[in-house]
Amino acid sequence: MKLIITKLEKEVLVLNIYGKMKERKFFITLILLIIIIIGCIYLLSFIKEKINLSYPHIFMLSLTVLLLSFFILLLFRYLIILILSLSAHFRYKNKLPKIEDLKTVSIIIPVYNEEKILATVINSLLNLNYPKEKYEIIIVDDGSKDNSYQIAYQFLNNKKGVKLKLLSQTNQGKAKALNRGISESKGEVIVCIDSDCVLTKDSLIYGIRHFQDEKVGAVAGNVKIWNQDKIFMKLQALEYMEGLNFTRQALSFLNKVNIVPGAIGFFKREIFQKVGLYNENIYAEDCDLTLRILKAGYKVVYEPKAVVYTEAPESISCLFKQRYRWTRGILQAVRKNNHLLYHSHSSFSLILSYLLLIYEAFFWPAMNLIAHLFFTLLALLYGFIPFLFIWWFSLTLLDFSSACFAYVSDKKSENNTYKNKKIIFLYLPFLVFLYRLFYLLLIDTIKVFAFLEEALNLEMGWQRIRITGKLNGYLIKEKL
Amino acid sequence: MREIITILSAIVLGVTLITLIFSLIVYILFRLKINKRENLKSEITKETEEEVFIRYQPKGDEKI
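The rules we used
- Residues numbered from 1 in each chain as written.
- Chains lettered and ligands numbered in written order.
- Predicted model: local features only at pLDDT ≥ 70, side-chain atom pairs only at ≥ 80, totals over all residues.
- Helix = DSSP H or I, 4+ residues; strand = E, 2+ residues; numbered from the N terminus.
- Buried ≥ 20, exposed ≤ 12 C-beta atoms within 10 Å, placed from the backbone.
- Contact = placed C-beta atoms within 7 Å.
- Domains from an automatic or database assignment.
- Core = buried A, V, L, I, M, F, W, Y, C linked by C-beta atoms within 7 Å.
- Nonpolar A, V, L, I, M, F, W, Y, C, P; charged D, E, K, R; others polar.
- Axes fitted to C-alpha atoms, helices over the stretch in contact; angles between N-to-C directions.
- Parallel < 35°, antiparallel > 145°, perpendicular 65-115°, else oblique.
- Expected span 1.5 Å × (residues − 1).
- Bend = angle between axes of the 7 residues up to and from the residue.
- Pairing = 2+ DSSP bridges.
- Right-handed = clockwise from strand over helix to strand, strands pointing away.

Novice: I'd like a rundown of the overall build of chain A, residues and numbers included.
Specialist: Per the secondary structure count, chain A includes 14 helices and eight strands. Burial analysis of chain A (480 residues in total) assigns 41% to the buried set. Here the analysis covers contacts within chain A between residues at least 6 apart in sequence; of these, 85% occur between residues at least 24 apart.

Novice: A description of the overall build of chain B should follow, citing residues and the corresponding values.
Specialist: Helix and strand content of chain B: two helices and zero strands. Each of the 64 residues in chain B was classed as buried or not, and the buried ones make up 6%.

Novice: How would you summarise the domain arrangement of chain A if you had to cite specific residues and measurements?
Specialist: Many authors give the size of an interface as the accessible area that is lost as the parts come together. As far as domains go, chain A holds domain 1 (7-52) and domain 2 (93-315). Between domain 1 of chain A and domain 2 of chain A, the C-alpha centre-to-centre distance is 43 Å.

Novice: Go over unusual backbone geometry with me, naming the residues and quoting the values.
Specialist: Residue and element names in this part refer to chain A. Of note in this structure, N113 is not a glycine but carries a positive phi near 50°. Its place among the elements puts N113 in the loop between strand 1 (105-111) and helix 3 (118-126). Of the residues examined, N113 has 18 C-beta atoms within 10 Å and is grouped as partly exposed. Here N457, not a glycine, exhibits a phi torsion of approximately 60°, which is positive. According to the C-beta neighbour criterion, N457 is exposed, with 7 such atoms within 10 Å.

Novice: Tell me what's going on with the nonpolar core, and back it up with residues and numbers.
Specialist: Residues and elements named next belong to chain A. Membership of the largest hydrophobic core comes to 106 residues, with the highest contact counts inside it found for I107, I108, V191, I193 and V308. Ranked by the residues each element gives to this core, the list is headed by helix 13 (residues 428-455), at eleven residues. With residues near it in sequence (within four places) discarded, I107 still touches L125, Y135, I137, I138, V191 and I193. Residues F375, L388, W391 and L395 belong to the second largest nonpolar core, which totals eleven residues.

Novice: A description of the interface of chain A and chain B should follow, citing residues and the corresponding values.
Specialist: Across the contact, 20 residues belong to chain A and 18 residues belong to chain B. Looking at the side of chain A that touches chain B, the elements with two or more residues in it are helix 10 (316-336), helix 11 (348-382), helix 12 (385-409) and helix 13 of chain A. No other element matches helix 13 of chain A, which puts seven residues into the side of chain A that touches chain B. Along the lines of polarity and charge, the residues of the side of chain A that touches chain B split into 14 nonpolar, five polar and one charged.

Novice: Quick rundown of the environment of A:S62? Include the residues and the values.
Specialist: Residue and element names in this part refer to chain A. Along the chain, the position of S62 falls in helix 2 (residues 55-91). Residue classification places S62 among the partly exposed positions, given that 14 C-beta atoms sit within 10 Å. Taking the C-alpha atoms as reference points, S62 and T376, separated by 314 residues in sequence, lie 17 Å from one another.

Novice: I'd love a proper account of the packing of helix 2 of chain A against helix 12 of chain A, names of residues and values included.
Specialist: Residue and element names in this part refer to chain A. Put simply, helix 2 and helix 12 touch, their axes get as near as 11 Å, and they point 10° apart. Our classification of the angle between helix 2 and helix 12 gives roughly parallel. Along its contact with helix 2, which presents Y78, L82, S85 and H89, the element helix 12 presents L398, S402, F405 and S409. Taken together, the residues that form the contact of helix 2 with helix 12 break down as four nonpolar, four polar and no charged.

Novice: Can you explain helix 7 (residues 231-253) of chain A? Please cite residues and give values.
Specialist: All names here are of chain A. In this model helix 7 runs 32 Å from its N-terminal to its C-terminal C-alpha over 23 residues, within 8% of the 33 Å that 1.5 Å per residue would give. Approximately 35° is the largest bend angle found in helix 7, and it occurs at N245. N255 sits one or two residues past helix 7 and shows a positive phi near 60°.

Novice: Talk me through the pairing of strand 2 (residues 135-142) of chain A; I want residue IDs and the actual numbers.
Specialist: Residue and element names in this part refer to chain A. Here strand 2 lies mainly inside the structure; seven of its eight residues are buried. Inspection of the sheet shows strand 1 paired to strand 2 by seven bridges, in the parallel sense. Bridged to I109 within strand 2 is I139. Tracing the backbone out of strand 1, into helix 3 and back to the parallel element strand 2 gives a crossover that is right-handed.

Novice: Quick rundown of the sheet that holds strand 2 of chain A? Include the residues and the values.
Specialist: All names here are of chain A. On the basis of which strands lie adjacent, the open sheet formed by eight strands has the order 3-2-1-4-7-6-8-5 and mixed pairing. Only two strands of the sheet have a single neighbouring strand rather than two, namely strand 3 (163-169) and strand 5 (197-199). The average angle at which neighbouring strand axes cross in this sheet is 30°, direction not considered. For strand 2 and strand 3, the ladder comprises seven bridges, and the chain directions are parallel. Following the sheet pairing, E136 is matched in strand 3 by K163. Sheet strands in contact with helix 7 are strand 6 (216-225) and strand 8 (299-310), and its direction is about 160° off that of strand 6.

What follows is the structure, encoded as structure tokens:
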């Protein structure tokens with residue numbers, strides 16, 4: 001007897017199988033949880049009988065063991081990142097392709113109320129060291145209520161010979177604006193940048209050169225802070241250098257960079273045909289897209305010389321909004337792409353990159369916060385102050401060593417014009433001291449709050465950061 | 001040496017406490033702001049579809 005299955009029946013069958021798999025996964029997790037809880041209760045009663053300790057003491061002992069194990073995990077994390085980053089540093093080549101081999105590029109900028117700096121951003125794009133006939137600029141005005149559209153309009157007939165397209169739509173969000181720009185673009189490589197970022201002259205040519213390798217799907221650029229006039233912004237610059245770019249460089253050695261930043265990302269055109277456009281329902285659309293590219297088997301690398309300058313939030317509330325949005329967005333992307341862990345084609349390096357994302361977004365901040373609360377409690381209740389000091393001091397030492405290496409490694413992205421936009425080496429110990437003491441604790445607390453809200457599925461709006469317009473200083477420096 | 005460590009420990013403890021309390025305050029303010037915005041949104045869309053339907057019903061001999 002012939003078995004004929006229609007397309008609809010096939011879909012129903014797949015859905016049933018998927019549903020059963022989900023059910024099975026849920027039950028396995030539930031059984032595992034019950035086993036762990038029973039095990040813990042048994043272990044507790046066993047310890048109580050054998051060592052004769054009270055429950056608060058057992059609790060403190062187990063928390064200390066837990067924190068110690070997390071600290072060892074953190075040591076491993078630093079060590080792996082350091083070794084990988086060092087390897088990437090020595091593997092780095094400065095070679096540029098011939099002009100005739102350069103690919104055509106479409107630069108897409110989604111714009112919403114950016115009248116303060118839009119002219120500077122467009123000027124920086126018109127003056128790139130790249131053949132003018134080989135790139136186009138697409139500005140998508142996402143329903144700005146200020147003069148952004150009019151400012152962009154003035155550049156339509158620029159004398160630089162660069163093709164500029166100006167699109168307009170009602171306010172629909174960044175992802176939709178980017179998708180519109182991509183669908184209207186013609187370049188072989190698509191570069192997506194934020195509207196509050198200026199590119200240095202050589203960034204495009206350095207980013208594009210990686211696409212000589214057919215397997216490279218995306219390239220992450222080097223994001224730097226422009227407004228470093230206060231210590232608070234210098235601390236953010238240190239975080240970009242030591243926390244974000246340093247990790248990206250390490251993962252680049254494995255060709256598995258897990259976030260191509262929205263500030264500057266280079267993508268091969270065929271990527272969007274294979275993995276789809278930006279997801280419009282996720283706040284970290286850049287992270288989601290990167291994970292999909294990695295899953296499709298492409299290489300994602302980091303280019304330290306593709307430098308873009310951006311404005312850092314100048315107040316704590318603005319920083320809070322920014323990091324809250326980033327963390328919730330990353331958690332959404334991680335949850336959406338969790339099949340990466342079970343996917344049969346996922347390599348060890350891909351799983352490592354994915355796990356690192358979860359570790360940085362949630363596990364480590366939670367552990368750091370628990371450690372601080374626990375040691376503070378110990379200090380206040382029992383006067384054990386040295387525990388908190390030892391915790392802070394060992395982490396500061398780790399930060400200092402990686403900050404020194406990140407500093408040296410970042411030298412290759414140096415530009416003589418912007419020497420004042422660089423952290424001075426002598427300040428580094430002082431900055432690292434404050435960085436661990438105050439700044440990272442604040443950031444970790446924000447991340448934990450964001451995680452809790454994401455777990456509870458609380459309402460979240462797009463938190464816009466106020467632009468000061470300090471990036472306009474770029475015009476004066478570059479003498480455009 | 002012990003004295004230096006004690007002083008540093010006290011600084012770390014103080015700053016940690018301040019940062020934790022400060023983060024909590026900033027978070028509460030942030031949440032309150034979002035809640036306020038949500039309330040405003042719900043006030044704007046308070047009128048249900050049924051109410052709108054009733055409001056736009058033709059009165060008397062008014063033609064649609």
